[in-house]
Amino acid sequence: IQVELADAVDPPEPKNPSGICNVVAEKPGIIRSVEAYSGQQMVKPGQSVGEGTLLVSGVFENKDGKILYVHADAKEMAPFPGQKGETPLRKQLFLV
C-alpha cells in the first residue's frame, strides 16, 4: 500500500455580496495589477505587500464626505517565488 500526503487546502470563503468586507493580501508579493470592482483601491502596481496588507477597503469616504460601507471586490495579481505566471493575491475579510 502506498500513501501520498499533501497539504490540506482550506475551502474558499463564501462570497457574501451583501456583507461589508475588505480585500487583504493572503501572502506577500509584489502587486503587478489591480482592478477594484467595488471599494477603494489601497495599493498600486509595483508595490510590495505583506500578508494581511489592505488591498481594497470596503469602508471609505466619497467625494461628498459621506462614509460608504461596501462589499469590496477586486482582482489583483502578483508573482510568487518558484511559480510561473501570476496568481491572485487576495482574501476577503468580512466586517461585523
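None of the values given here were measured: they were computed from a predicted structure.

1. Observations regarding the environment of Q41
Part 1 of the reasoning: With respect to the secondary-structure elements, Q41 resides in strand 4 (residues 40-41).
Part 2 of the reasoning: Exposure remark for Q41: the relative accessible area of 35% places this residue in the partly exposed category.
Part 3 of the reasoning: A C-alpha to C-alpha distance of 9.3 Å links Q41 and V23, two positions 18 residues apart in sequence.
Part 4 of the reasoning: In this structure the side chain of Q41 is engaged in a polar contact, spanning 2.7 Å, whose partner is the backbone oxygen of V43.

2. Some thoughts on the pairing of strand 6 (residues 54-57)
Part 1 of the reasoning: As paired strands, strand 1 (residues 21-25) and strand 6 are joined by two bridges and run antiparallel to one another. Residue pairing for strand 6: V23 is matched across the bridge by V56.
Part 2 of the reasoning: As paired elements, strand 4 and strand 6 share two bridges and run antiparallel to each other. By the bridge assignment for strand 6, Q40 is matched with S57.

3. What to know about the nonpolar core
Part 1 of the reasoning: Counting ten residues, the largest nonpolar core consists of V23, A25, I31, V34, V43, V49, L55, V56, A72 and A74.
Part 2 of the reasoning: Mapped onto this core, the elements with two or more residues apiece are strand 1 and strand 6.

Parameters and conventions
Residues numbered from 1 in each chain as written. Predicted model: local features only at pLDDT ≥ 70, side-chain atom pairs only at ≥ 80, totals over all residues. Heavy atoms only, no water. Helix = DSSP H or I, 4+ residues; strand = E, 2+ residues; numbered from the N terminus. Buried < 20%, exposed > 50% of the residue type's maximum accessible area, 1.4 Å probe, protein only. Polar contact = N/O pair within 3.5 Å; in protein donor to acceptor, adjacent residues only side chain to side chain. Pairing = 2+ DSSP bridges. Core = buried A, V, L, I, M, F, W, Y, C linked by side-chain atoms within 4.5 Å.

Keep in mind that these numbers describe shape and distance, not what the molecule does.
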